[in-house]
Amino acid sequence: MLKLEFDRGTILVHGDRDQVEELALPSCTFDQRVARHRIPARYYREIITLLTTRGINYQDDARSYKKLDLSFQLDRAPFPYQQEAVDAWWQAGGRGVVVLPTGSGKTFVALMAAARVQRSTLVIVPTIDLMQQWYGVISSQFDTEVGLIGGGYYDIEPVTVSTYDSAYLHMERLGQLFGLIIFDECHHLPGPSYLMTADLSLAPYRLGLTATLEREDGAEHLLNNAIGETVYRQEIHSLSGEYLSGYETIKISVRLSPEEWADYQKARNTYRSFLDSQRISLSGRSGWVRFLSATSRSEDGRRAFTAYRTQKNIAQGSQAKLRVLERLMRQHRRDRMLIFTNDNETVYRISRQFLIPAITHQTKVKERKETLGAFNAGEYPFLVTSRVLNEGVDVPEANVAVVLSGSSTVREHVQRLGRILRRVEGKHAILYELVAERTGEEYASTRRRQHSAYRKTPARRD
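Residues numbered from 1 in each chain as written. Predicted model: local features only at pLDDT ≥ 70, side-chain atom pairs only at ≥ 80, totals over all residues. Heavy atoms only, no water.

### Details of the pattern of salt bridges
1) Next: Considering all chains together, one arrives at 18 salt bridges under this definition.
2) Next: The partner of R38 in a salt bridge is D31, and the shortest N-O contact between them spans 2.9 Å. Comparing R38 with D31, the two get one shared label, buried.
3) Next: Of the charged contacts in the structure, one is a salt bridge between K321 and E441, with a shortest N-O distance of 2.6 Å. Pair noted here: K321 is in helix α13 (residues 319-331) and E441 is in helix α17 (residues 440-448), with a separation of 120 residues, a long-range link. Here K321 and E441 have matching classes, each one buried. (Salt bridge = Lys/Arg side-chain N within 4 Å of Asp/Glu carboxyl O. Buried < 20%, exposed > 50% of the residue type's maximum accessible area, 1.4 Å probe, protein only. Helix = DSSP H or I, 4+ residues; strand = E, 2+ residues; numbered from the N terminus.)

Written out as structure tokens, the structure reads:
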């Protein structure tokens, strides 16, 4: 009889060597060090299915997860699309990715999945803030102890929440303890390190959640093996009005002052001339890597990099944009406005000029929590930030967003729109995008507005 054992993120198969090799188990190799066959833990479900189908006797000492009795403490009926998402995931064998817009209740979908599986569950999230949010939601919905791994905690319970960083560090010891693993913001998973968290777990049930599946490097296809294929998807435009707040996006083109335009052209000519001299094209990541490498080898290169930063800073933080921002702040003084930039320098500049609170990656956890709480309570009508609030923060009262600058990625723009779409009775959300005319920002704006959420939206010139 075969015996299965969990060993540091793998399954050891004890038994006759010839018999095991005849089974052709997935990714099975013979480990000479222990004289046993070894298989990555993520194939556990396939191993059990194959042995059961062929009627082969085996002893399962690999899994250590428990059967739970999870039931909702609050009587809340799911929205139709949430029920459809869980049903589609269950019909796919309890594996797969669900793509839903920010603010549509992905967390509740995950809890519904956990209640259906009724097995020990591990939720993996990208940030400490999200870990704390999930802890609060699970504790309020299920009558069960909730563990935490990350941020100084290492407390394992039948339902546990971990950061991606901590899961990666500890999964060799955790991989057998959970029957369901939920990857929140699963577009983070395809990184070379994080992907190992999926390989080292034997969880037969897997759920990925995201509002922005597609990655710039195209690596989202790796989720098919790590979690499962996309089983359900809804876009922002299909849920807005009924389940998300109605919204509009407005692109405002601003013109640089003559002085700014002269400085912009001078810096851009220096930067572009260097690219031409080195025969470097910035299309694709390899071009950017070549540029960085070339700029470090000569004085001309260092001047070119400084010029690149200068022209970018001029476009992203022009005085014209700040004048438009001031006007929008007056126009929406009774609303709740989030202001997004691409860099911390501009965040602090706006914070000082307009005397409004700021949140960056440098903001301490306690201060960040207090600032967000005051914003949601209406004590602060405005809040300026860079990229740290793109995902993983709940600001339901926010109804206006102003994007002064950002990357060209579709994901970032959709995430920023999602921050203001949490449904509140009578709420109508507006996202303003400020773009410097005749600069590289126009190309970046075109790229990041390719998502269906931005089609047929108004534009105007300032």
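### As for the environment of R279
1) Next: Mapped onto the fold, R279 is located in the loop between α10 (258-278) and α11 (285-295).
2) Next: Residue class for R279 comes out exposed when judged on its relative accessible area of 76%.

### Notes on a nonpolar patch on the surface
1) Next: A contiguous nonpolar surface patch, about 270 Å² in accessible area, is contributed by Y168, L169 and M196.
2) Next: Summarising the element assignment, M196 is placed in helix α7 (residues 195-199). (Patch = residues over 30% accessible without salt bridge, like charges linked within 9 Å, V, L, I, M, F, W, Y side chains within 5 Å. Areas by Shrake-Rupley, 256 points an atom, 1.4 Å probe, with all protein chains shown as cover.)

### Here's the deal with the sheet that holds strand β1 (residues 2-7)
1) Next: Strand order in the open sheet formed by five strands is β3-β4-β2-β1-β5, and the pairing between neighbours is mixed. Of all strands in the sheet, those with a lone pairing partner are β3 (29-31) and β5 (58-61), marking the two edges. Averaged over neighbouring strand pairs, the angle between their axes works out to 30° when direction is ignored.
2) Next: By the bridge criterion, three bridges tie β3 to strand β4 (residues 36-40) in an arrangement that is antiparallel. For F30, the partnering residue across the bridge sits in β4 and is H37. (Pairing = 2+ DSSP bridges. Axes fitted to C-alpha atoms, helices over the stretch in contact; angles between N-to-C directions.)

### Focus: the packing of helix α4 (residues 106-117) against helix α5 (residues 128-141)
1) Next: Interaxial distance between α4 and α5 falls to 11 Å at its minimum, and their mutual angle equals 50°. Comparing their axes, α5 and α4 come out oblique. Where α4 crosses over α5, the two elements pack in a sense that is right-handed. Seen from α4, the contacting residues are T107, A110 and L111; seen from α5, they are W134, V137, I138 and Q141.
2) Next: Counted by class, the contact of α4 with α5 contains five nonpolar, two polar and no charged residues. (Parallel < 35°, antiparallel > 145°, perpendicular 65-115°, else oblique. Left-handed = near helix turned anticlockwise from the far one by under 90°. Contact = heavy atoms within 4.5 Å. Nonpolar A, V, L, I, M, F, W, Y, C, P; charged D, E, K, R; others polar.)

### Observations concerning the packing of aromatic side chains
1) Next: Enumeration over the complete set of coordinates arrives at 17 aromatic pairs.
2) Next: With a centroid separation of 5.4 Å and 40° between ring planes, the pair formed by F72 and F108 is classed as tilted. Remark: F108 occurs in helix α4 and F72 occurs in the loop between β5 and α3 (80-91); sequence separation between them is 36 residues.
3) Next: Here F72 falls in the partly exposed class, since its relative accessible area comes to 29%.
4) Next: Ring centres of F291 and F305 lie 6.4 Å apart, and the angle between their planes is 35°; on these two criteria the pair is classed as tilted. Taken together, the positions of F291 in helix α11 and F305 in helix α12 (residues 299-316) put the pair 14 residues apart, joining distant regions of the chain. (Phe/Tyr/Trp six-rings, centres within 6.5 Å; stacked < 30°, edge-to-face > 60°.)

### Brief notes about the pairing of strand β14 (residues 246-254)
1) Next: Most of β14 sits inside the fold, with seven of its nine residues counted as buried.
2) Next: Relative to strand β19 (residues 428-436), β14 is paired through nine bridges, and the arrangement is parallel. Its bridge partner being in β19, I250 is matched across the sheet by Y432.

### Quick word on the sheet that holds strand β10 (residues 159-163)
1) Next: Pairing in this open sheet of eight strands is mixed, and the strands run β9-β8-β10-β7-β11-β12-β6-β13 from one edge to the other. Of all the strands in the sheet, just β9 (153-155) and β13 (230-233) have a single pairing partner and so form its edges. Strand after strand, the sheet turns through a mean of 20° between neighbouring axes, direction not considered.
2) Next: In the sheet, strand β8 (residues 146-150) pairs with β10 via four bridges, with the strands oriented parallel. Residue pairing for β10: V146 is matched across the bridge by V159.
3) Next: On the sheet, α3 packs against β6 (95-99), β11 (180-184), β12 (205-210) and β13 and is oriented at approximately 170° with respect to β13.
4) Next: Most of the contacts of α4 go to β12, to which it runs at about 175°, and overall it touches β7 (121-125), β11 and β12.

### What about α3?
1) Next: Taking 1.5 Å per residue, 12 residues should reach 16 Å; α3 reaches 16 Å between its end C-alpha atoms and fits that length.
2) Next: Within the sequence span of α3, burial applies to Y81, Q82, A85, V86, A88 and W89. Taken down its axis, α3 places every buried residue within 160° of arc, on the same side.
3) Next: Where the residues of α3 are buried, they touch β6, α4, β11, β12, β13 and α9 (236-239).
4) Next: Remark: G93 follows α3 within two positions and exhibits a positive phi of approximately 90°. (Expected span 1.5 Å × (residues − 1). Arc of directions from axis to C-beta.)

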